[in-house]
Amino acid sequence: MSQDIFVVAEHLKGKLADVTFEMLGKGRELADARGGNLVAVLLGNGVKNLVTEMGIANRVISVEHASLENFNPETYSTALAEVIRAKSPAATLVANSSMGMDLAAALSIRAGLPLVAYAIDVKVEDGALVATSQLYGGKLNVESQFSAEGAVVSMLAGASSADKGRATGSPAVEDFAPPLSLASPKVRFKKMIEPEGGDVDITTKEVLVSVGRGIQSVDNIPQMQELADALGGALSCSRPIVDSKWLPKTRQVGKSGVKVKPKFYLALGISGAPEHIEGMKDAELIVAINSDPNAPIFDYAHYGIVGDLFDIVPLLTEKAKA
Amino acid sequence: MNILVPIKQVPDLVEELEINEEGTDLNRDAVKYKINEFDDHALEEALQLKAEVGGTVTVLALDGDETDKMLYTAIAKGADKGVKVTGDFAGGVTSHVAAKAMANAISTLPHDLILTGVQAVDDRDGQMAVLLANYLGVPHVSVVTGVKVDGGRAIVHKEYAGGVMAEFEVDLPAVLGIQAARETPRYVAVSRVRQVQKEATLEEVEAGDTAVAAGSSVRRMMKPEKGSRAEMIEGSPEEIADKIVALMKEKGLKK
């Protein structure tokens, strides 16, 4: 077991994800605390140019293969497990993202390593790692300890500073031979599907009225749209609204939707699950109305109202029109 | 086609969550449970697939309080069979142990496609779909929104950020972590569940050896610090609406 901290670099379309820099920043702290190196693991094909953005790492392990051209749950898991088994780092940080969810648990089982997911922090205490996870829709934090070295920690995006992990440079690159088993995977990438255009682009709006489960019914969408119109903004939403097909996917704010940064974000009946917070926490002014006084959204909003949104929306629409 | 759907119950977040005296777990006596919403989507997608290509849908759950009711509800919605995976699960289990138990049970049953929720609010040590697939040694794709079956393969859509998706072809058997079904999960009347409860029988399969290689444990559970808590606006709806308009004016957003 080495004292090194490994970070799995997530990238899409030739660009490193913000969460990669967040993990590199956190990984640097951990590596320094353990007296080890910070090592980035870069899987892909023809993406070595990304190394220069990871100057904070002491070393980058690069695995390149045609089957790693696009993210693939199987080939990426296989290659990653080979690297980790060969190098035995003290810990491996993976994003708790769509890609990372297919990697972290696979790595845990294949390499027989302990795993903690939904982490917002990891620290070294008396030489041992302690990870803090955000669970129960953001209502509780849970500190975990590990029964063995080599912990796999999947980190929630937005939990720490990406700037701390950004540094240009030229860390040493170690080429790692791709495993032979990558040749005929049972999961095959076919194509990328881009979001449909033509709808309102909520990322460009100064004002967003964002609705969640608390609006109760699709029949209440027109009323919310009327408010958005009156406030000179657009209607956006949290994931359950899209899953219920009350609004199109283009309106979804959060992890699997879009990240927005409007001047004013009015959250109506949105509890504030971590996946949603990730997409809107940088809005300039956040006002939330929710019937649950303990809703996590109130930890991110600047102003909060505990109450029935249906008491307030009609009055607010009227006043906004005046 | 044999479609299997592992489902589980999670605390209903609408209720206040209490932490136990040791500070290591929820006060489980005070918890109100409901089906994991993503598992409900997995079940719906399974029922839609069955309608499309035929086959059977079997729901599975680890034995525990109210497991029977959850399985009967799934049968009332259209599942063909309910299976209780029995073992010592008192006091809750980690995701690893739950996945190992589920993998042991599933390996004794015919299975072509396994659909389960992409995540749950309490899966501290990882999500069921990918853990299960790796214990079973079958391929997996997580965060899936669209599933089609074509012979011995599934064509699936996996969601990334920003509304971008990737299409994959997956050899069966495979495990898919479902983010959302193609239709809103169906509702079933309580009277129908009661009727099923009288007519249907649940099968039982033993979990067997659920020892896992390496694990983690809860050291402390706590409510998040409320340092950056919102400034709360109180008053009549009228006053609140006035205040929101005033806030917007301050920002230069309303004339």
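Before any of the text, the structure's been laid out above.
Engineer: Kindly report on the overall build of chain B, identifying the contributing residues and their values.
Structural biologist: When you go through chain B residue by residue, the secondary structure sums to 6 helices and 13 strands. Along the three orthogonal principal directions, the C-alpha set of chain B runs to about 65 × 45 × 45 Å. The buried share of chain B, reckoned over its 255 residues, is 53%. For chain B, long-range pairs separated by at least 24 residues make up 71% of all intrachain contacts whose partners lie at least 6 apart in sequence. Surface summary for chain B: the accessible area is close to 10,900 Å², and the carbon and sulfur share equals 47%. Averaged over its 29 positive side-chain charges, chain B has a centre that lies 5 Å from the centre of its 42 negative ones.

Engineer: Go over the pairing of strand β10 (residues 151-155) of chain A with me, naming the residues and quoting the values.
Structural biologist: Each regular strand carries side chains that alternate between the two faces of the sheet. Residues and elements named next belong to chain A. Among the 5 residues of β10, 5 are classified as buried, and the element is accordingly described as predominantly covered. Burial along β10 is two-sided: A151, V153 and M155 and V152 and S154, pointing in opposite directions, are all buried. When strand β6 (residues 91-95) meets β10, the two strands line up parallel, connected through 5 bridges. Bridge pairing in β10 links A91 to A151.

Engineer: With reference to specific residues and values, describe the nonpolar core.
Structural biologist: B:V5, B:L115 and B:V156 are the most contacted members of the largest nonpolar core, which totals 93 residues. The contacts of B:L115, once residues within four sequence positions are left out, are B:I3, B:L4, B:V5, B:P6, B:A42, B:E45, B:A46, B:L49, B:L176 and B:I178. Judged by nonpolar contacts, the second largest core, of 37 residues, contains A:M224, A:L266, A:Y303 and A:L315.

Engineer: If you had to explain the packing of aromatic side chains to someone new, which residues and values would you point to?
Structural biologist: How two aromatic rings sit relative to each other is set out by the distance from centre to centre and by the angle between their planes. Taken as a whole, this structure holds 3 aromatic pairs over all chains when the rule is applied. The interplanar angle of 55° and the centroid separation of 4.9 Å between the aromatic rings of A:F71 and A:Y76 together place this pair among those described as tilted. Judged on exposure class, the residue A:F71 and its partner A:Y76 are both buried. A ring pair is formed by A:F71 and B:Y160, whose centres lie 6.5 Å apart and whose planes are at 85°; its orientation type is edge-to-face. Here A:F71, found in the loop between β5 (59-64) and α2 (73-87), pairs with B:Y160, found in the loop between β8 (153-159) and β9 (165-171), and the two come from separate chains. Residue class for A:F71 comes out buried when judged on its relative accessible area of 7%. The rings of A:F71, A:Y76 and B:Y160 are connected pair by pair, giving a single aromatic cluster. Between A:R166 and the ring centre of A:F21, over which it is positioned, the NZ or CZ distance is 4.4 Å.

Engineer: A description of the packing of helix α3 (residues 95-106) of chain B against helix α4 (residues 128-136) of chain B should follow, citing residues and the corresponding values.
Structural biologist: Residues and elements named next belong to chain B. Direction vectors running N to C along α3 and α4 enclose 50°, while the axes themselves pass 8 Å from each other. Overall, the two elements α3 and α4 adopt an arrangement that is oblique. The chirality of how α3 crosses α4 is right-handed. When α3 is examined against α4, the residues S95, H96, A98, A99, K100, M102, A103 and I106 are found in contact with a partner set consisting of M128, L131, L132, Y135 and L136. In terms of residue class, the contact of α3 with α4 is built from 10 nonpolar, 2 polar and 1 charged.

Engineer: Break down the environment of B:G177 for me, citing the residues and quoting the values.
Structural biologist: Among the secondary structure elements, B:G177 is positioned in strand β10 (residues 174-178). In contact with B:G177, not counting residues within four places along its chain, are B:T116, B:G117, B:V118, B:A129, B:V141, B:S142, B:V143 and B:V144.

Engineer: Got a sec to walk through the side chain of A:S144? Specific residues and values, please.
Structural biologist: By the secondary structure assignment, A:S144 is in strand β9 (residues 140-146). Overall, A:S144 belongs to the buried group, its relative accessible area being 0%. A distance of 2.7 Å separates a polar atom in the side chain of A:S144 from a polar atom in the side chain of B:R124. Aside from chain neighbours lying at most four places away, what touches A:S144 is A:V116, A:L129, A:V130, A:A131, B:R124, B:S217, B:V218 and B:R219.

Cut-offs applied
Residue numbers here run from 1 along each chain, matching the order of that chain's written sequence. Chains and ligands are labelled sequentially in the order written, the chains with letters from A and the ligands with numbers from 1. With the structure being a predicted model, the display of local features is reserved for residues of pLDDT at least 70 and the display and counting of side-chain atom pairs for 80 or more, all residues being used for whole-chain, interface and lining totals. In computing side-chain properties, one takes all heavy atoms of the structure into account and sets aside hydrogens as well as water. Numbering of helices and strands starts at the N terminus; helices are DSSP runs of H or I of at least 4 residues and strands are runs of E of at least 2. Three exposure classes are used, based on accessible area relative to the maximum for each residue type with a 1.4 Å probe and protein chains only: buried under 20%, partly exposed in between, and exposed over 50%. Should any heavy atoms of two residues lie within 4.5 Å, those residues are counted as being in contact. Per-residue accessibility takes into account occlusion by the displayed protein chains alone, with areas from the Shrake-Rupley method and a 1.4 Å probe. We count Lys and Arg on the positive side and Asp and Glu on the negative side, and we leave His and both chain ends out. Think of each charge as sitting on NZ of Lys, CZ of Arg, CG of Asp or CD of Glu. When DSSP locates at least two bridges between a pair of strands, those strands are taken to pair. Only buried Ala, Val, Leu, Ile, Met, Phe, Trp, Tyr and Cys residues count toward a nonpolar core, and they belong to the same one when joined by side-chain atoms within 4.5 Å. Whether two aromatic rings pair depends on their centres lying within 6.5 Å, for rings of Phe, Tyr and Trp, where Trp uses its six-membered ring; planes under 30 degrees apart make the pair stacked, over 60 edge-to-face, and the rest tilted. For a ring to carry a charge above it, either NZ of a lysine or CZ of an arginine must fall within 6 Å of the ring centroid while also lying within 35 degrees of the normal to the ring plane. A fitted line through C-alpha atoms serves as each axis, taken over the contacting stretch for helices, and the angle formed by two N-to-C directions is quoted from 0 to 180°. In these notes the angle categories are as follows: under 35 degrees is roughly parallel, over 145 is roughly antiparallel, 65 to 115 is roughly perpendicular, and the rest is oblique. Should the near helix be turned counterclockwise from the far one by less than a right angle, the crossing is left-handed, whereas a clockwise turn marks it as right-handed. Nonpolar residues are Ala, Val, Leu, Ile, Met, Phe, Trp, Tyr, Cys and Pro. Charged residues are Asp, Glu, Lys and Arg, and all others, Gly as well, are polar. We call two N or O atoms a polar contact when they sit within 3.5 Å, provided that within protein one can donate a hydrogen and the other can accept it, with sequence-adjacent residues counted only if both atoms are side-chain atoms.

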